[in-house]
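Now for the letters of each chain:
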Amino acid sequence: MKKMLVFNHKMSLLYDEVYNYITRTNNLDTDCNIIICPSNIYLELFTNNSEWSIGAQNMYYNIDENHTGEISSLQLKALGVEYVIVGHNERIVDFNESGRIINLKLIEALDANIFPILCFGEDADEDYREKLPQLLDSYLKDILNIDFITFAYEPIYAIGTGVHPSTDKIKEIISFVSNYLEVKYHKKPNLIYGGSVTSSNIYDIINIDGINGVIVGKISSDIREVEKIINNI
Ligand code: 13P
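Everything numeric in this text was worked out from a predicted model, so none of it was measured.

It is not clear to me how the layout of surface pockets should be interpreted in this structure. Could you clarify?
Empty space among the atoms can be located by rolling a probe the size of a water molecule over them. If you add up the space inside the largest pocket, you get close to 420 Å³. Surrounding the largest pocket, 14 residues form its lining, Lys 10, Met 11, Gln 57, Glu 90 and Arg 91 being those nearest its centre. For the lining of the largest pocket, the leading source of residues is helix H4 (residues 89-95), giving four residues. Taken together, the residues of the lining of the largest pocket sort by class into four nonpolar, six polar and four charged.

Encoded structure:
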């Protein structure tokens, strides 16, 4: 299976920087499966011009047209968007997204045939053995099939901080989550890691047993860093 590289640009890139980014990423030579998640305002530029798969950073959980400022699964699908990030901690903190909302977004994405990239993680002072099963249970309520979900383990304290767990710790937690989901769903989940991934640590992280890829934040909008990430894998 190809390793997944998810680039979550967050609010990065100005309009006149986008074409250069698309052209340079189109020229990347890699065996990885790249999924670029730009700001919503550039989704169409990317789906029309990028050679790579495109994901949205967020989506509303129903298709009723009366939700000012939101984007529906139908609109994403019509643009050719294939993936959507769900449950990112920045949305939980900034917009109070609850487990129920995340669950509804997951259900909506699956119904619309958009692959969800489901983020989940614990903070530094929380016990992952307690927190992660509870979180995953609430996110996955009424979901019977996890085949199309990518599980992105993002420890909260590692997001945008330059601090990340040791590779041994990541391996331990990934193995715990993998076993937990496997017992419940009788399937091996597709698990990736996110949180302070850079070109300097990508090799060690992406080669951890049980990890099928990474999700990289803001620095993934820096094309020189992306080229280094690819070279260092
Ligand atoms: P950083 O790579 O900046 O730590 O962000 C990770 C992230 O939020 C990916 O979704």
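Still more to cover.
Got a minute to help me understand the packing of helix H6 (residues 128-139) against helix H7 (residues 167-185) in this structure?
How two helices sit against one another is set out by the angle between their axes and by the gap between those axes. Relative to each other, H6 and H7 sit at 40 degrees, their axes nearing to 11 Å. Taken as axis vectors, H6 and H7 run oblique relative to one another. In the crossing of H6 with H7, the sense of the turn from one axis to the other is right-handed. Here H6 contributes Tyr 128, Arg 129, Leu 132, Pro 133, Leu 136 and Asp 137 to the contact with H7, which in turn contributes Lys 169, Glu 172, Ile 173, Phe 176, Val 177, Tyr 180, Leu 181 and Lys 184. Among the residues forming the contact of H6 with H7, the class breakdown is nine nonpolar, no polar and five charged.

Just checking my understanding: could you explain the pattern of salt bridges for this structure?
Note that side chains of opposite charge can pair when their charged atoms are close. Counting across every chain of the model gives 13 salt bridges. A salt bridge links Lys 10 to Glu 90; the shortest N-O distance between them is 2.9 Å. One end of the pair, Lys 10, is in the loop between strand E1 (4-8) and helix H1 (15-26); the other, Glu 90, is in helix H4, with 80 residues separating them in the sequence. We classify Glu 90 as partly exposed; its relative accessible area is 30%. The network of salt bridges with common partners includes Asp 127, Arg 129, Lys 169 and Glu 172.

Please explain the packing of aromatic side chains as it appears in this structure.
Given two aromatic rings, one states the distance between the centres and the angle between the planes to describe the pair. Enumeration according to the criterion identifies seven aromatic pairs in this entry. Look at Tyr 83 and Phe 115: their rings are 5.1 Å apart centre to centre, the planes differ by 40 degrees, and that puts the pair in the tilted class. Of this pair, Tyr 83 sits in strand E4 (residues 83-86) while Phe 115 is found in strand E5 (residues 115-120), placing the two residues 32 residues apart along the sequence. Residue classification places Phe 115 among the partly exposed residues on the basis of a relative accessible area of 31%. Aromatic pair Tyr 128 and Phe 176: ring centres 5.3 Å apart, planes at 80 degrees, arrangement edge-to-face.

Got a minute to help me understand the nonpolar core in this structure?
If you look at soluble globular proteins, the nonpolar side chains tend to sit buried side by side. Judged by nonpolar contacts, the single largest core of 61 residues is most densely connected at Leu 5, Leu 118, Phe 120, Leu 140 and Phe 151. Element by element, the count of residues in this core is highest for H7, at six residues. Residues in contact with Phe 120, not counting those within four places in the same chain, are Leu 132, Leu 135, Leu 136, Tyr 139, Phe 151, Ala 152, Tyr 153, Glu 154, Val 177 and Leu 191. Listed in part, the 11 residues of the second largest apolar core include Val 6, Ile 85, Cys 119 and Ala 152.

Help me out: how do you make sense of the site of the ligand in this one?
Lining the immediate surroundings of the ligand are Asn 8, Lys 10, His 88, Glu 154, Ala 158, Ile 159, Gly 160, Gly 195, Ser 196, Ile 215, Val 216 and Gly 217. One of the side-chain nitrogen or oxygen atoms of Asn 8 is found 3.0 Å away from an oxygen atom of the ligand. Burial of the ligand by the protein chains amounts to 94% of its free accessible area of 300 Å². Here the shell around the ligand is built from residues that sort into four nonpolar, six polar and two charged.

Calculation rules
Residues numbered from 1 in each chain as written. Predicted model: local features only at pLDDT ≥ 70, side-chain atom pairs only at ≥ 80, totals over all residues. Heavy atoms only, no water. 1 Å grid on protein atoms, 1.4 Å probe; cavity = no way out; pocket = protein on both sides within 12 Å on 5 of 7 lines; lining within 4 Å. Points joined across faces, edges and corners; volume = space filled by probe spheres on them. Helix = DSSP H or I, 4+ residues; strand = E, 2+ residues; numbered from the N terminus. Nonpolar A, V, L, I, M, F, W, Y, C, P; charged D, E, K, R; others polar. Axes fitted to C-alpha atoms, helices over the stretch in contact; angles between N-to-C directions. Parallel < 35°, antiparallel > 145°, perpendicular 65-115°, else oblique. Left-handed = near helix turned anticlockwise from the far one by under 90°. Contact = heavy atoms within 4.5 Å. Salt bridge = Lys/Arg side-chain N within 4 Å of Asp/Glu carboxyl O. Buried < 20%, exposed > 50% of the residue type's maximum accessible area, 1.4 Å probe, protein only. Phe/Tyr/Trp six-rings, centres within 6.5 Å; stacked < 30°, edge-to-face > 60°. Core = buried A, V, L, I, M, F, W, Y, C linked by side-chain atoms within 4.5 Å. Near = heavy atom within 4 Å. Polar contact = N/O pair within 3.5 Å; in protein donor to acceptor, adjacent residues only side chain to side chain. Areas by Shrake-Rupley, 256 points an atom, 1.4 Å probe, with all protein chains shown as cover.

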